[in-house]
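Chains, contacts and geometry: an overview
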Amino acid sequence: MTGAYERDHVLSVNAAVTIGDQALIHCEFETKGRGVLALYGRSGAGKSTLLRTIAGLTSPSASKGSRVSFAGDVWQAEGSFKAAELRGVGLVFQDQQLLPHLSVRGNLQYASKRAHQPTGVKWEEVVQATGIEALLDRHPATLSGGEQQRVGLARTLINQPRLLLLDEPLASLDPAARQQLMSILLRVKAQFEIPMIYVSHRWDEVIRLADDVLWLENGQVKQYASLSALAVDFEMANYQQDEAACLLVGRAVHTDLDQALTKIEIGDQSMWVPDPTLGIHQTHRLLIRIQNVGLSLIEQRDSSVLNSLRCAIVDIELGEATALVRLDCEGQRLLAQVTRRSCERLSLAKGVEVFASIKASVLS
Amino acid sequence: MSVEWAVITTTIQLALTTTLVLALMGLPLAWWLARSDSFIARLAQPLVSLPLVLPPTVIGFYLLLAFSPKGGLGKLWLTTFDRSLAFSFAGLVIGSTIYSLPFFVQPMVVAFKQIPSSIIDASRLLGAKAIDRFFTIALPLGRHGFLVACVMTFAHTIGEFGIVLMIGGNIPEETRVVSIALFDYVEAMDYQRAHILAGGLVAFAFISLLIVEWLNQSHLRDSHRRLGL
């Protein structure tokens, strides 16, 4: 069931962009009107082109035949095209987006003077959430890449768009800055009620942030599903190969500062993750790389792997040398990749109860 | 014996007025040329550059026809201001503006094109409309190009000869400028005064180019400092 808020924020897209006689994208979808939709796919899949079409930055002639509407407001249709500056959309770019002749404060003021909506977010709230208090009097050229992206995000929030688009905002950052900005994005997602569309070619980012995923390939929608459904999809796992990962959602119940671990409850079971900073009593997403999931028929108590969760096998897909195993763990889906040999040796089959030993790496 | 001072003041007046007119007209024109990829803009680009390759006498000839009391512009001018446009200071300004157009517009187009499109896109999505963007993005970020364009336009107008010859009429304190006076002195075998004007023009041109060079250097230093180099 959708509420009034969702209805007021549904984006409906039928995009067709061609350059010369080459079709760049051709896809159709409708958003849920809240949360984060990830546009996922390889470089060159058409993610940025699709995002720019939504924003109104693709020329009307190149995107001829496209239809874009938001909350019943037609942005583009046959014979009509609403200019980008009138759509009330915010876009955080990959880099080079701050006005270089203005200070950080000047950039924020530029955005607040032209705000798309009259009320809503407060300056202090945004500055605090993005952690840019100390940067206000600096000039963009003196900021690091991560700082520039944080200011870019703050500026967009202060501008109060009805829809927030993010075009690989972490792509040009080093791992530490990447981590920091991701935490900020998660805070923004929780704190500001604004639907987001997030472009990324990295599955670990998608898992941390997204609610729904639109998987683009060659400019077309390959799949459009909720993150949890797509994360345990065999086809997606094969597509991602070494990077394939799925997620478990659980609640932090206990921190062991001594050993730098946090205990996460998943249904009636629990697991330890190597991060003592996770907020207790909060829900967290655990990124589980499918190669880090091992299966055994009896619970492993003498292994170096800390976690062992009782699961039931739902489905198996045999490959040449490996097999993908879909598991049900406390009502959540999990994916494991094992060799075919192990699969046969353990007589793994649908309905068999197994123990999954898991190294949990990234969390949010 | 000295050169006529009126010649120099008239010349400077003409160059200043032309630069001012071009600053008002040329900035929006250059912004449009730099940003638009429409068919008309692609047609306008070579049109703006035409004075670079045409002999000034060709422009002068057509302007003379347009300025004549029987020509469209000349007739309109005559009925509005009750005086002739040909052989007047105003006529010279129009001629100089057309002649110096590329010298103002080209450096501005280059400067505007250097503004990253992501910055312009960002300002659009923040809600800045076209005129807003012109004043808050284009002008502040193109200011280096603006200084270069002004010096080039000023210097180039000082040195023009062909068009002035055709439409000026060599009227003292109205249309008699340095380049024409120099021509007169040489015709009259007055080499001493010719030397003063010619030498002065060489020095002036050299200083102008020096200023442009200095502006370019300081711009380079500026952008290096911005990038932290």
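So, how was this worked out
- Residues numbered from 1 in each chain as written.
- Chains lettered and ligands numbered in written order.
- Predicted model: local features only at pLDDT ≥ 70, side-chain atom pairs only at ≥ 80, totals over all residues.
- Helix = DSSP H or I, 4+ residues; strand = E, 2+ residues; numbered from the N terminus.
- Rg over C-alpha atoms; globule rule 2.2 N^0.38 Å.
- Buried ≥ 20, exposed ≤ 12 C-beta atoms within 10 Å, placed from the backbone.
- Contact = placed C-beta atoms within 7 Å.
- Pairing = 2+ DSSP bridges.
- Axes fitted to C-alpha atoms, helices over the stretch in contact; angles between N-to-C directions.
- Domains from an automatic or database assignment.
- Nonpolar A, V, L, I, M, F, W, Y, C, P; charged D, E, K, R; others polar.

In this section: the overall build of chain A. Assigned secondary structure in chain A consists of ten helices and 20 strands. Computed over C-alpha atoms, the radius of gyration of chain A comes to 22 Å, within 12% of the 21 Å expected from 2.2 N^0.38 for 364 residues, which places it in the range of a compact globule. On the principal axes, the C-alpha backbone points of chain A span a range of 65 × 50 × 40 Å. Expressed as a percentage of its 364 residues, the buried residues of chain A come to 41%. Counting contacts in chain A only where the partners sit at least 6 residues apart, residues at least 24 apart contribute 69% of the total.

Right, let's get into the sheet that holds strand β16 (residues 293-296) of chain A. Residues and elements named next belong to chain A. Read across the open sheet, the five strands follow the order β16-β20-β17-β18-β19; overall the sheet is antiparallel. Taken across any chain shown, the strands that pair with only one partner, and hence form the sheet edges, are β16 and β19 (332-339). Along the sheet, successive strands turn relative to each other by an average axial angle of 45°, direction set aside.

Looking now at the domain arrangement of chain A. Residue and element names in this part refer to chain A. One can read the domain layout of chain A as domain 1 (4-231) and domain 2 (245-358). For domain 1 and domain 2, the distance between their C-alpha centres works out to 33 Å. Taken together, the six residues of domain 1 in the interface contact six residues of domain 2. Counting only elements with at least two residues in the side of domain 1 that touches domain 2, the list comes to α7 (203-209) and α8 (227-231). With four residues, α7 is the single largest residue contributor to the side of domain 1 that touches domain 2. Broken down by class, the residue content of the side of domain 1 that touches domain 2 amounts to three nonpolar, one polar and two charged.

Where the parts come together, the accessible area they lose is often given as the size of the interface. Taken together, the contact pairs 18 residues of chain B with 19 residues of chain A. Breaking the side of chain B that touches chain A down by element, the ones donating at least two residues are α6 (117-125), α7 (130-141) and α11 (191-227) of chain B. Ranked by residues supplied to the side of chain B that touches chain A, first place goes to α6 of chain B with seven residues. Considered class by class, the residues forming the side of chain B that touches chain A number ten nonpolar, four polar and four charged.

What follows deals with the environment of Glu125 of chain A. Along the chain, Glu125 of chain A falls in helix α4 (residues 123-129). Between the C-alpha atoms of Glu125 of chain A and Ile158 of chain A, which are 33 residues apart in sequence, the distance is 9.4 Å.

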